[in-house]
Amino acid sequence: MAPCGTAGGHATSLRKDRPMNIEIEELAKEFGTTRALHPVSLSIPSGALVALLGPSGSGKTTLLRVLGGLEFPTSGRVLFGGLDATGLSVQDRRAGFVFQSYALFRHMTVFENIAYGLRARPRRERPAEAEIVRRVNRLLELIQLPEIGGRYPNQLSGGQRQRVALARALAIEPRMLLLDEPFGALDAKVRKELRQGLREIHDRTGLTTVFVTHDQEEAMELADLVVIMSMGRIEQVGKPTEIRARPATDFVRDFTAA
Ligand SMILES: Nc1ncnc2c1ncn2[C@@H]1O[C@H](COP(=O)(O)OP(=O)(O)OP(=O)(O)O)[C@@H](O)[C@H]1O
């Protein structure tokens, strides 16, 4: 995505005033006899862009899904903005999700896809049609695709579809963004462009954002804070420069040297 320029005036209206720091306290998750997460603890400052980085099976997706309320922990707690959210439903958490597979509705236009989460609300919580139009158009500008509202997903490139998926996640005015390998299915050049785009959107919305990746370069380039995971444990949490300069464990040293 090219650097954002003209739509700057919208940024403040997209910002959420309430701090949304996330506290993960001794969170564990078992699937039958598989320990996907040993008790892990982590503090995510409000507004941070955080990467969960680690090899396959290290527990990244499980941690993300527990944050979003798609899975419930075996033990431990999650606090959002200081309040216990461990038992909250997906709806009550108000997380915006973006997954690797675009998961757009094929029979709906881009505009309808982005508007979907708003139109699906119960009548008394649903914005008026004019407000929905205004919000969707603003999001199309934010993802720098103002002209494509009338197209269908199969008329878009992979990168464009993933930007639309991001706009759809933002449409519900989430309290946080959770992304699982959001660029995993894209080629290297598009991945880089979208990385830049995500960083800009993050900076303009101020949303606490957590994304899963196994791509070290992606994590180090994009994130404020990198969480390195291995075998259901957190090995190190730090700024990319800190992790590179001072790996805390042999695993981190080997993993980041690879
Ligand atoms: N629904 C499930 N049922 C049983 N085991 C599961 C389930 N989900 C995850 N696991 C197991 O938990 C462990 C952690 O998986 P998880 O998907 O969180 O890892 P990951 O780091 O995201 O891996 P990947 O990068 O391959 O997606 C793995 O051993 C996995 O097989």
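Rules and cut-offs
- Residues numbered from 1 in each chain as written.
- Predicted model: local features only at pLDDT ≥ 70, side-chain atom pairs only at ≥ 80, totals over all residues.
- Heavy atoms only, no water.
- Helix = DSSP H or I, 4+ residues; strand = E, 2+ residues; numbered from the N terminus.
- Rg over C-alpha atoms; globule rule 2.2 N^0.38 Å.
- Buried < 20%, exposed > 50% of the residue type's maximum accessible area, 1.4 Å probe, protein only.
- Areas by Shrake-Rupley, 256 points an atom, 1.4 Å probe, with all protein chains shown as cover.
- Lys, Arg positive; Asp, Glu negative; His and termini not counted.
- Charge placed at Lys NZ, Arg CZ, Asp CG, Glu CD.
- Pairing = 2+ DSSP bridges.
- Contact = heavy atoms within 4.5 Å.
- Axes fitted to C-alpha atoms, helices over the stretch in contact; angles between N-to-C directions.
- Near = heavy atom within 4 Å.
- Polar contact = N/O pair within 3.5 Å; in protein donor to acceptor, adjacent residues only side chain to side chain.
- Nonpolar A, V, L, I, M, F, W, Y, C, P; charged D, E, K, R; others polar.
- Core = buried A, V, L, I, M, F, W, Y, C linked by side-chain atoms within 4.5 Å.
- Domains from an automatic or database assignment.
- Parallel < 35°, antiparallel > 145°, perpendicular 65-115°, else oblique.
- Left-handed = near helix turned anticlockwise from the far one by under 90°.

The name that an unreviewed UniProt entry assigns to the protein is Sulfate ABC transporter ATP-binding protein, with the source organism given as Pseudooceanicola pacificus.

Engineer: Would you explain the overall build of the protein in this entry?
Structural biologist: Scanning the protein from N- to C-terminus turns up ten helices and ten strands. Against the compact-globule benchmark of 18 Å for 258 residues, the protein has a radius of gyration of 18 Å, which places it among compact chains. Oriented by its inertia axes, the alpha-carbon framework of the protein measures out at about 55 × 40 × 35 Å. Residue burial in the protein is summarised as follows: out of 258 residues, 50% are buried. Here the protein displays about 11900 Å² of accessible surface, and carbon together with sulfur accounts for 51% of that area. Side-chain charges of the protein comprise 35 positive and 30 negative groups, with the mean position of each set lying 4 Å from the other.

Engineer: Would you take a moment to explain the sheet that holds strand β1 (residues 22–31) for this structure?
Structural biologist: Strands in a sheet are paired, the pairing made by backbone hydrogen bonds, and the direction either parallel or antiparallel. The four strands lie next to each other as β2-β1-β4-β5, forming an open sheet whose pairing is antiparallel. Either end of the sheet is taken by a strand with one partner, and the two such strands are β2 (34–44) and β5 (83–84). Pairing analysis gives two bridges linking strand β4 (residues 75–80) to β5, with the strands arranged antiparallel. Along β5, the bridge assignment pairs Leu79 with Asp84. Lying on the sheet, helix α2 (residues 60–68) is in contact with β1, β2 and β4; it crosses β1 at an angle near 115°.

Engineer: Just to check I follow, could you spell out the site of the ligand for this structure?
Structural biologist: Surrounding the ligand, one finds Phe31, Thr34, Ala36, Pro55, Ser56, Gly57, Ser58, Gly59, Lys60, Thr61 and Thr62. In the environment of the ligand, an oxygen atom lies 2.6 Å from a nitrogen or oxygen atom belonging to the side chain of Ser56. Contacts to the ligand include Thr62, whose side-chain N or O atom sits 2.5 Å from an oxygen atom. Here the ligand loses 58% of its free accessible area of 630 Å² to cover by the protein chains. Sorting elements by how many residues they give to the shell around the ligand places α2 first, with three residues. A breakdown of the residues in the shell around the ligand according to their chemical character gives three nonpolar, seven polar and one charged.

Engineer: Can you help me understand the nonpolar core in this one?
Structural biologist: Buried together is how nonpolar side chains tend to be arranged in soluble globular proteins. One finds Ile114, Val164, Leu166, Leu170 and Val226 to be the most contacted residues of the largest nonpolar core, which totals 44 residues. With seven residues, the top contributor of residues to this core is helix α6 (residues 158–171). When residues of this core are sorted by domain, at least three fall in each of domain 1 (31–94 + 176–258) and domain 2 (105–174). Those residues within four positions of Leu170 in sequence are excluded, and the remaining contacts are Leu139, Leu142, Leu177, Ile201, Thr205 and Leu207. Residues Leu63, Val66, Val78 and Phe97 belong to the second largest nonpolar core, which totals 27 residues.

Engineer: Please explain the packing of helix α5 (residues 129–142) against α6 as it appears in this structure.
Structural biologist: Any two packed helices are characterised by how steeply their axes cross, that is the angle between the axes, and by the distance between the axes. Contact pair α5 / α6: the axes reach a minimum separation of 10 Å and the direction vectors enclose 140°. Between α5 and α6, the crossing angle belongs to the class labelled oblique. Read as a crossing pair, α5 and α6 show a hand that is right-handed. For the pair α5 and α6, the contacting residues are Arg135, Leu139 and Leu142 in the first and Ala167, Leu170 and Ala171 in the second. Split by residue class, the contact of α5 with α6 holds five nonpolar, no polar and one charged.

Engineer: What is the right way to read the packing of helix α4 (residues 110–119) against α5 from this model?
Structural biologist: Taken N-terminus to C-terminus, the directions of α4 and α5 make an angle of 125°; their axes are 10 Å apart at the nearest point. Between α4 and α5, the angle is such that the two are oblique. The handedness of the crossing between α4 and α5 comes out as right-handed. The residues of α5 that touch α4, namely those facing Val110, Phe111, Ile114, Ala115, Leu118 and Arg119, are Glu129, Ile132, Val133, Arg135, Val136, Asn137, Leu139 and Leu140.

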